[in-house]
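# A closer look at the structure
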Amino acid sequence: MAVARLPLSIDHIPEEKRSIYDAEPVLSGRGMRIQWGHVVGLDGVDIDLYKGEVLAVIGDNGAGKSTLIKCLTGAYEPTGGTVYLDGQEVHFKRPQDAREAGIETVYQQLAVIPALDIASNLYLAREERRAGPLGSVFRMLDKRGMARRAGESVQNLGIQTIQNMGQAVENLSGGQRQAVAVARAAAFGSKVVVLDEPTAALGVKESGMVLDMIKQLRESGLGIILISHNMPHVWEAADRIHIQRLGGCAGVITPQSHDMGEGVAIMTGAKKLVQDQLDGAA
Amino acid sequence: MSTASSDAAAQFSGRQQSALQRVQNALHLYPWISPLVILILSFIAFTILNPRFATAGSMGLLIQQMAIVAALAIGQTLVILTAGIDLSVGAITVLAMMVMATLAKDGGMPGLLALIIGVGLATLAGLLNGILVTRMKLPPFIVTLGTLSIFTAIALLYSGGSSIQASHLPAFLNWLGKGFSIGGLRLTYGVLLVILLYAVVGFVLSQTAWGRHVYAVGDEPEAARLSGVPSRRVLLQVYTVAGFIYGIAAWALIGRSGAATPNAIPTANLDSITAVVIGGTSLFGGRGRLIGTLIGAIIVQTFAFGLSLAGVNQQWRLLAIGLLVIIAVSIDQWIRKVK
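As named in an unreviewed UniProt entry, chain B is Putative permease abc transporter protein, taken from Nostocoides australiense Ben110. The record in UniProt for chain B states the following under Subcellular location (unreviewed entry): "Cell membrane".

In the annotation of an unreviewed UniProt entry, the entry for chain A reads Sugar ABC transporter, ATP binding protein, and the organism field reads Nostocoides australiense Ben110.

This is the structure we're talking about:
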């Protein structure tokens, strides 16, 4: 192992889920630091993500949630720190590098191209060509094959309301669009899926649908990072909660160890999380 | 973004639609339907006004007259699909045409070589537009407004501003003006080449990954980039391919006009944009089909030809085209609101 795992208080994790934490983390960051001139965006943050868990990242605006995630997924190049994927040191220079390594990101907005159909969106920049000379010489797309597999990807997430893969994404509801973005991540993310505020623009019912998809993804054994401002969603979906505060990590809690009020108190600095307190309570 | 209204939220398939919404949806999927309807109606109307309109001879002439604008409109469609606009269409075409003709006449260069240099120059001119748009991050309107003047000036300076008659040019450069007749329908090789261009570019846009990327970059450049589409490279390629097409059109233009003249096609910019817009391609990028542009180019020429055959003052044609442009853009705005 190239990297020692962070201490983990297993006692606050429900018994049936503890086996997840027997394995080594799928994605780790150590001493993640980013600085723009005199502004410190991240001040040496450590993070571990395990396969089959939903790790929520919460924090106030400007606490460094998105910055941390962007450093892990190649959207930003950190000033310091190391990223490990499956224990191996990796250096992502562009989001494509992370994507090729099996890390998919679903952005809050800008996740899909409204004018293109669902299948085209799922396969955007990963188009598959027809077999034979039609594909190799004429570069012809395998539209039927992509539509069929796109349909399967969407079905796998338990989405019944999207039937026609040839329909333009702008004809879909907000929740369905997000479903397309998540399906895309699920279809190609072999290791980690990062969701940045996936429910921010959605109504109650659609948010529920997206949370169900997230749980579905977790069942398939992916490591999931969920960035969210919505505390009820975090407490519903997350296994562990990483709290960012002022560019650093204020602690990692679980929905069982702390309630929402305590979580928000730690997030805003009204309360300090003492690691001993967590272990002591066990 | 859809509203949060909860029961409508996740149910697309079972939704009730009014007839108007169904029309809106159909136009959204096939934006070339409305120009096609206009084309068919105007054909019927002009045939009633003057039966000579619907003869093979008239059609052959109509097709030849619209071919150059139709070719230029292919490049314009590519650029407009990326939410850009190309005002240097005419300038690049004239530059390529004058360079080809001058090299052949004054330089005594073989026709093929002059053609290759002319088309190459047009391609480079497109590349320059692309570099200014992607690297300098200048708005396409400003870039091509600038290069419009620059390329026009170069063409005039290089050629001395005078026309070169076809009789002074090698046969190869005039070849696209030659043709054949099927029944009474006379077609030129230039027309066939333009049809071939439509087939090739239409295939690339609708059947290849690059085509998808053009639409994606035009619709949501940032989302496309985050999805892994090399947005800047695609944009650069679009302007370059457009330049190449203008170069080919310049060759066809020599054949069509029987000469290389600096003012051979003074309204190229607006005519090509008009064809694209009437053809149902959105000026906001990401929406439209190349077949629509072809229909748009035919509509413009149909009005010109039909009105003159009907003995109507040409100013009515301008008025009709102006109305069509406004109607086309209004329809585009309406179908973009489709839910």
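It is worth spelling out the overall build of chain A at this point. A tally of helices and strands in chain A yields ten helices and ten strands. Here the C-alpha atoms of chain A give a radius of gyration of 20 Å, agreeing with the 19 Å that 2.2 N^0.38 yields for 282 residues. For chain A, the spread of C-alpha atoms along the three principal axes comes to 65 × 40 × 40 Å. Burial status across chain A gives 55% buried among its 282 residues. Partitioning the contacts of chain A with sequence separation of at least 6, the portion at a separation of at least 24 is 65%. Only carbon and sulfur atoms are counted for the fraction: they give 49% of the accessible area of chain A, which is about 11,800 Å². Here chain A contributes 29 positively and 33 negatively charged side chains, and the mean placements of these two sets differ by 7 Å.

As a further point, take the interface of chain B and chain A. Contacts between the two partners involve 33 residues from chain B and, on the opposite side, 34 residues from chain A. Of the roughly 3,100 Å² buried between chain B and chain A on both sides combined, carbon and sulfur atoms contribute 59%. Summed over the shared surface of chain B and chain A, the result is one salt bridge. Measuring nitrogen to oxygen at the nearest pair gives 2.4 Å for the salt bridge that ties Arg287 of chain B to Glu170 of chain A. Where the side of chain B that touches chain A is concerned, the elements lending two or more residues are α1 (6-9), α2 (19-29), α9 (189-207), α10 (209-219) and α11 (221-226) of chain B. In terms of residues, the side of chain B that touches chain A owes the most to one element, α10 of chain B, which gives six residues. For the side of chain B that touches chain A, the residue count by class is 14 nonpolar, twelve polar and seven charged.

All names here are of chain A. In spatial order, the strands read β2-β1-β4-β5; together these four strands make up an open sheet with antiparallel pairing. Since the sheet does not close on itself, it has two edges, and those belong to β2 (39-49) and β5 (88-90), each with one partner. Adjacent strand axes in the sheet meet at a mean angle of 30 degrees, parallel and antiparallel pairs treated alike. Pairing analysis gives eight bridges linking strand β1 (residues 27-36) to β2, with the strands arranged antiparallel. Counted as the bridge partner of Ile34 is Leu42 from β2. Sitting on the sheet, helix α1 (residues 65-72) touches β1, β2 and β4 (80-85), and the angle it makes with β1 is about 115 degrees.

This next bit is on the nonpolar core. Residues Leu72, Met100, Leu173, Leu205 and Phe303 of chain B are the most contacted members of the largest nonpolar core, which totals 98 residues. When near neighbours in sequence (up to four residues on either side) are disregarded, Met100 of chain B contacts Ala114, Leu115, Gly118, Val119, Leu173, Gly247, Ala250, Trp251 and Ile254 of chain B. Residues Tyr123, Ala150, Val154 and Ala179 of chain A belong to the second largest nonpolar core, which totals 50 residues.

Calculation notes
- Residues numbered from 1 in each chain as written.
- Chains lettered and ligands numbered in written order.
- Predicted model: local features only at pLDDT ≥ 70, side-chain atom pairs only at ≥ 80, totals over all residues.
- Heavy atoms only, no water.
- UniProt positions renumbered as here; feature names shortened; annotations may be inferred.
- Helix = DSSP H or I, 4+ residues; strand = E, 2+ residues; numbered from the N terminus.
- Rg over C-alpha atoms; globule rule 2.2 N^0.38 Å.
- Buried < 20%, exposed > 50% of the residue type's maximum accessible area, 1.4 Å probe, protein only.
- Contact = heavy atoms within 4.5 Å.
- Areas by Shrake-Rupley, 256 points an atom, 1.4 Å probe, with all protein chains shown as cover.
- Lys, Arg positive; Asp, Glu negative; His and termini not counted.
- Charge placed at Lys NZ, Arg CZ, Asp CG, Glu CD.
- Buried area = accessible area lost by both parts, 1.4 Å probe.
- Salt bridge = Lys/Arg side-chain N within 4 Å of Asp/Glu carboxyl O.
- Nonpolar A, V, L, I, M, F, W, Y, C, P; charged D, E, K, R; others polar.
- Pairing = 2+ DSSP bridges.
- Axes fitted to C-alpha atoms, helices over the stretch in contact; angles between N-to-C directions.
- Core = buried A, V, L, I, M, F, W, Y, C linked by side-chain atoms within 4.5 Å.

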